[in-house]
Amino acid sequence: MSSEGHFSVNACLMPVCQLHGAAVTTVEGIGSTKTRLHPVQERIAKAHGSQCGFCTPGMVMSIYTLLRNKPQPTMEEIRETLGGNLCRCTGYRPIIDGYRTFCEVISSFISGFLHAVGESLEPFRTETSGKEKLLPLDPTQELIFPPELIRMAELEERATQTFRGERMTWISPISLDELLQLKSQHPQAPVVMGNTNLGLDIKFKGVVHPIIISGFRVRELFEVTEKPEGVCIGAGSSLSTVRSVLEKCVCSLPAEHTQTLAALLEQLSHVAGEQIRNVATLGGNVASAYPNSDLNPVLAAGRCSVVLQSREGKREVPLDKDFFVGFGKTVLKPDEIVLSVFIPVSRKGEVVRAFRHAPRKENALATVNAGLRVWFEEGSNVVKEMSVYYGGVGPCTVSAERTVQQVIGRPWNEATLSDAYRALVDEVTLGASAPGGKVMFRRSLTLSLLFRFYLHVLQHLKDTVRPPSGEIPSEQLSAVERLPNIIQPSYHEFQDVPSGQSEQDPVGRAVQHQAALSHATGEAVYCDDFPRTQGELFLSVVTSARAHARITHIDVSRALSMPGVVDVFTADDIPGKKFRSFTGIDEEILAQGEVTCVGQMVCAVVADTKPHAKLASAAVKVHYEDLPDRIFTVEVAVEKRSFFLPQREIQRGDVTKAFQEADHIYEGEIRLGGQEHFYMETQSMLVIPLGEEKEMKVYASTQHPTMVQEAVAETLGIPSSRVSCHVKRIGGAFGGKLSKTSILASITALAAWRSERPVRCVLDRGEDMLITGARHPVLGKYKVGFMSDGRITAADVRYYANAGHTPDDSVLVIEKILLHMDNAYNILNLRGQSAACKTNLPSNTAFRGFGVPQTPWLHCGCASSCLTKNLYKETSLTHYKMEFDPEVLLRCWEECKERSELDRRRLDVARFNQQNRWKKRGIALIPLKYGVGFAEGFLNQAAALVHIYKDGSVLVSHGGTEMGQGIHTKVQQVASRELDVPLSMIHISETSTSSVPNTCPSAASIGTDVNGMAVKDACQTLYKSLEPIRKQDPNGTWQSWVQLFGSNTSFIKWGKNKRHDLYMDWVKQEGRPYAYFTYSACCSEVELDCLTGEYRTVRTDLVADIGRSINPAIDIGQIEGAFMQGLGLYTMEELKFSPSGVLYTRGPGQYKIPAVCDVPLQFNVYLLSGSHNPHAIYSSKGVGEPTVFLGCSVFFALKEAVAAARSDAGLSGPFTLHSPATPERACIACGTRFTQMIPETETAQPWALELP
Ligand SMILES: Cc1cc2nc3c(=O)[nH]c(=O)nc-3n(C[C@H](O)[C@H](O)[C@H](O)COP(=O)(O)OP(=O)(O)OC[C@H]3O[C@@H](n4cnc5c(N)ncnc54)[C@H](O)[C@@H]3O)c2cc1C
Ligand code: FES
């Protein structure tokens, strides 16, 4: 690797031994709130690009690195740089907007950002006036490479370095000879380069290598030689370096020589993210022999070779089908290394292309990829030579040799290729239970990628063969065109604050998140950032490996004898209650005797360090006796009557009669998959026993500190008064840090109780995904009756939610599903039934939207034009007899229709679809009516405590937790207004049960409503008590009044909100379960690639009613973030379980959440004006959850696009598209000739369960 330059890397994969002599720059190093901010830190904060802040340092450092290498980047470079970073909160748009201010060419979209930073509430400002307010980027002020390290490099003897750890020795030689010598001495020791493959095995699969040899300092591995015949690239070159080398070659060589180089470049731009490409090496990619390596199929098709070397000597072998001998295996001998890769220049008449399809457009391993080459007789279209290699369709890179034989010696035309497709169907096959699943889709991709190559080559031949041998018909051109990907300016419309509002009053203004700068500088403290305390221990849980079994024995002897292990305990050791009860049904904290899902917690191991605890927990042997009747799907649960009771039903009108009278009846079912919360900060807690009077202090990342406090107290059998729970901030929660955190905190507290030492528990991502459950997957069976004029007269829907093995709050979820089944439609004869199915899968739990996102069934059965007719039009009763006025709903709908120019764009979409066979567009407008509040009245309450200190500073404590939704910022705004003091005087330190007890959870979108009201109440009382002093000294200041008053009175006040008395009577089927409704409408347009199912959201317009916004920037952030989470839910995110109930998708590698490449290319959000709400503070409305649902606008737009493709394929009538509409589902639903060529697979057990 080069000794100069700046590289962003993933800290978790970078071996510390590799960093010897390198300067590491961290987010804390580039700027701070105490000294000087770096512009990269300032801009993300000002652009509202930070919510929970957990991802923010990563974003900052990615862009920092880009700017160090290129101070004026292009927008494309910024987008690409962010491709390797994930954010679950923001929806990325504000991050992009913040960073586009560094671009040299700044177009008018800068105004959107300036509008958002709150400099002005006018929609447009001049560019310069805004930019002047941002810290300038001054490259001369940047950190320099430390002179000590330069000196060290000069003075240090160049010798082999050896680092010895507890279980591993790291040897880093400096010469090739030494490296080869070591390899011959230790043939089983791997050569580590970028560690992006090896590191995953060590970290996640527990692979132990006693010796690791690093090739990082061996110069020969990095040599690049350009020759007329091609380029020879050292195997140690990072993929980023390879990219630069290839770019240079492509620019300097004649076009006919660059076919393979350009094809490799194409693949490289999609391999992983920047952080991985900066370290992953070419040789590592080749030697790893991944079945879906993106490079190997192109290298193989492009006639490349590798130089292998051992102490015995060098040999050059072709990188072809014989090089890859099995999964992860090549012809390399144990003592050999890959020295270099040779890429020959292409010859006249040769065409090389590479394609890939992945579950996400960027930063995802390919599902299927291909490297294809064809060489023609000079001046003709007759094929002289051809290679076709695929990845992702076998244990290693696969050559389609028999297919190629169909083509060689024949002209390049449709007839030849048709024979090739038929041969390919027989040649590249996959068994029904092939690892990775998606069998039909993967097989169809091999065909459609070959078809795409066929068209590319035809295009090429048009220019090289005289007379031209064939033209691509214009409607077929869409097969070779790319999906659009240029992010356009977006528009965000705020509401104005009333004229005359004091400048100091922050309510209604786009105030920056109170901790944004702490996030951006890395100063923000999360639970696991609390420094290690004296004697602290770490807890790791042992989970069940069986879905349904009796535990016959737990053998902890080996674990107890391992280094650092202090304790192992089971349910028998719990002194207090051994279970928790969330909705009246007991759930075990640790399994007692029987396990009912894979991932259920069985026992816990406590050790001095995390690695020791992890190793020991892996050494605990749990013996099982399998029990019969495992249930995984809702179908089986229904058949076996396996439910958590009660089931719910609601009905209005005469549904049976209405069906009899309907002109048309449509029946169907839709499966809505579950969704992993994927909060960036995994479940984390630290429990400190105070050593006196059984007091325990719990620091936890939880949305419900009171529940944690109660759970810990009950588990230990002590009063709640001895337990305090403290939450500084949460790195994302989305509903996943309610019930599950309290169980984990109980276990951690027990460890602290037994050891009398502080204990920390921080789940790894894989554990978190395995243990803590997800959004409920739901099967919806619907029947809709409608008249010929489009009026829906009857609907009957049954919902079956897969609850998993414990009830958690599943019954509340299925209740909410029924309460929202009408959405925005007035259906006079409506029946809904719902059930929480008990299965042997991990227990599902609350997730943003709490059931509402599982309800968009109605759109499946009806044309969108028909839905318009059925909107609530006048003051009406819902199906549970709650009265409401839909005036605001209709305004959202109309405004969205107008803003999105729906009517015109529908025509454009139809025209586009007519002109293009392989790309289709779809557009859908979806309304939403969303009830805010907890139907359980007692949960809608809050309290707050406000202290005013003698210097005038104010400390506010309230019951809400800050998880990125900006509640602390909004509450500060409330306090600032009520006390009439600047925001800067108000501080919120943490949420704590010892300051504000008996709080309700921060959930159901009511956090600001109830806590804001409580703070307002407390501040108003305090302000009133100052009145006599103010009258006495009207010219005084806040500080002088406070000093005067505070000298003889305590300045502390309680406040509480006026509780909403909400209820739902399921016997009478009526109630007032919500304080109020919030409304919105969203229009999305997509473009779909029918050959791969890949799609792009080209535009989204969202009009949201949030009453009078307290902070429009934060509210827009919530709306965008929720929408993107919905987009993930309905189109991307897939939880996959094995047939025996083991979760496969346990990390970002397998589970894809939306990344920057998934943001709608144009994403406009408008806050509806003129909406008021008497039920919440300052007439605002809850905003956190509702717009998750509107992600389904993308799903229904996709469905329209699929319908257009089906019509071209001669398929008509209704069809089923389950959610998420992944590329696999969309592509198969298109019914192209390629999907239709794949025969039905045999009836072997599929690789994954079909859920729910
Ligand atoms: C998040 C992520 C995303 C990824 N996405 C993609 C993708 O989209 N497309 C894709 O193709 N790949 C992808 N990869 C895989 C990545 O490209 C490979 O892991 C990488 O190229 C391996 O190189 P390395 O230097 O990190 O290898 P290491 O992890 O250092 O080594 C891997 C293996 O190769 C051996 N090895 C390494 N160098 C040599 C050598 N010179 N001689 C002999 N043996 C050697 C090692 O002994 C080891 O067995 C991704 C990886 C990650 C972590
Ligand atoms: S702000 Fe990005 S994950 Fe929370």
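Cut-off values and rules
- Residues numbered from 1 in each chain as written.
- Chains lettered and ligands numbered in written order.
- Predicted model: local features only at pLDDT ≥ 70, side-chain atom pairs only at ≥ 80, totals over all residues.
- Heavy atoms only, no water.
- Helix = DSSP H or I, 4+ residues; strand = E, 2+ residues; numbered from the N terminus.
- Expected span 1.5 Å × (residues − 1).
- Buried < 20%, exposed > 50% of the residue type's maximum accessible area, 1.4 Å probe, protein only.
- Pairing = 2+ DSSP bridges.
- Phe/Tyr/Trp six-rings, centres within 6.5 Å; stacked < 30°, edge-to-face > 60°.
- Lys NZ or Arg CZ within 6 Å of the ring centre and 35° of its normal.
- 1 Å grid on protein atoms, 1.4 Å probe; cavity = no way out; pocket = protein on both sides within 12 Å on 5 of 7 lines; lining within 4 Å.
- Points joined across faces, edges and corners; volume = space filled by probe spheres on them.
- Nonpolar A, V, L, I, M, F, W, Y, C, P; charged D, E, K, R; others polar.
- UniProt positions renumbered as here; feature names shortened; annotations may be inferred.
- Near = heavy atom within 4 Å.
- Polar contact = N/O pair within 3.5 Å; in protein donor to acceptor, adjacent residues only side chain to side chain.
- Areas by Shrake-Rupley, 256 points an atom, 1.4 Å probe, with all protein chains shown as cover.

Looking at an unreviewed UniProt entry, one finds the protein named FAD-binding PCMH-type domain-containing protein and attributed to Pygocentrus nattereri.

Chemist: Sorry, what's going on with helix α37 (residues 1192-1208) here?
Modeler: Each α-helix turn comprises 3.6 residues. Residues three or four places apart therefore point the same way. An ideal rise of 1.5 Å per residue puts 24 Å on 17 residues; α37 measures up with 24 Å between its terminal C-alpha atoms. Note on α37: the residue one or two positions beyond its end, G1210, has a positive phi of about 80 degrees.

Chemist: Quick question: what am I supposed to make of the pairing of strand β7 (residues 305-310) here?
Modeler: It is a general feature of regular strands that their side chains alternate between the two faces of the sheet. Within β7, 6 of the 6 residues are buried, which leaves the element mostly enclosed by the surrounding structure. Going residue by residue along β7, you find S305, V307 and Q309 tucked away on one face and V306, L308 and S310 tucked away on the opposite face as well. As defined by bridge partners, β7 adjoins strand β8 (residues 313-318) across 6 bridges and the pair is classed as antiparallel. Looking at β8, one finds that V306 is bridged to V317. Two successive antiparallel strands, β7 and β8, enclose a turn made up of 2 residues. Sheet topology note: the β7/strand β11 (residues 337-344) ladder contains 5 bridges and is antiparallel. Within β11, the residue paired with S305 across the bridge is F342.

Chemist: Help me out: how do you make sense of the packing of aromatic side chains in this one?
Modeler: We describe a pair of aromatic rings using the distance from one ring centre to the other and the angle between the two ring planes. Here the structure, examined in full by the defined rule, presents 25 aromatic pairs. When the ring of F54 is compared with that of Y526, the centres are 4.8 Å apart and the planes differ by 85 degrees; the resulting orientation is edge-to-face. Within this pair, whereas F54 is found in the loop between α2 (39-46) and α3 (56-69), its partner Y526 is found in the loop between α19 (516-521) and β17 (537-543), the two being separated by 472 residues in sequence. Classification of Y526 by relative accessible area gives buried; the value is 6%. Ring geometry for Y880 versus Y1074: centroids 6.5 Å apart, planes at 70 degrees, classification edge-to-face. With Y880 in the loop between β34 (876-877) and β35 (883-884) and Y1074 in the loop between β43 (1070-1072) and β44 (1076-1089), this residue pair connects regions lying 194 residues apart in the sequence. Side by side, Y880 and Y1074 carry an identical accessibility label, which is buried. A network of ring pairs unites the aromatic residues F376, W412, Y421, F451, F453, Y454, W918 and F1234 as a single cluster. Taking NZ or CZ as reference, K384 lies 3.7 Å from the ring centre of W375, over its face. Over the face of the ring belonging to F678 we find R765, whose NZ or CZ atom lies 4.3 Å from the ring centre.

Chemist: Is there a simple way to think about empty space enclosed by the protein in this case?
Modeler: One way to see where empty space is left: roll a probe the size of a water molecule over the atoms. Following the criterion strictly, the structure yields 9 cavities of 30 Å³ or more and no others. As a volume, the largest cavity reaches approximately 80 Å³. Lining the largest cavity, in full, are H48, S50, Q51, H513, G964, Q965, G966, A1113, I1114, G1117 and Q1118. Here the lining of the largest cavity is built from residues that sort into 2 nonpolar, 9 polar and no charged.

Chemist: How should I be thinking about the UniProt feature "domain: FAD-binding PCMH-type" (unreviewed entry) in the protein in this particular structure?
Modeler: Residues annotated in UniProt with the feature "domain: FAD-binding PCMH-type" (unreviewed entry) correspond here to residues 163-348. Helix and strand shares over residues 163-348 are 31% and 25% respectively, and the end C-alpha atoms of the span are 52 Å apart.

Chemist: Got a minute to help me understand the site of ligand 1 in this structure?
Modeler: If you check the shell around ligand 1, you find 30 residues, and the closest are M193, G194, T196, T281 and D294. G194 places a polar main-chain atom, nitrogen or oxygen, 2.7 Å from an oxygen atom of ligand 1. Between ligand 1 and the protein, one listed contact pairs an oxygen atom with a side-chain N or O atom of Y290 at 3.2 Å. In isolation ligand 1 exposes 970 Å². Once the protein is present, 89% of that is buried. Listing elements by their share of the shell around ligand 1, those giving two or more residues are β3 (191-192), α10 (198-204), α14 (282-288) and β11. Ranked by residues supplied to the shell around ligand 1, first place goes to α14 with 4 residues. Broken down by class, the residue content of the shell around ligand 1 amounts to 19 nonpolar, 9 polar and 2 charged.

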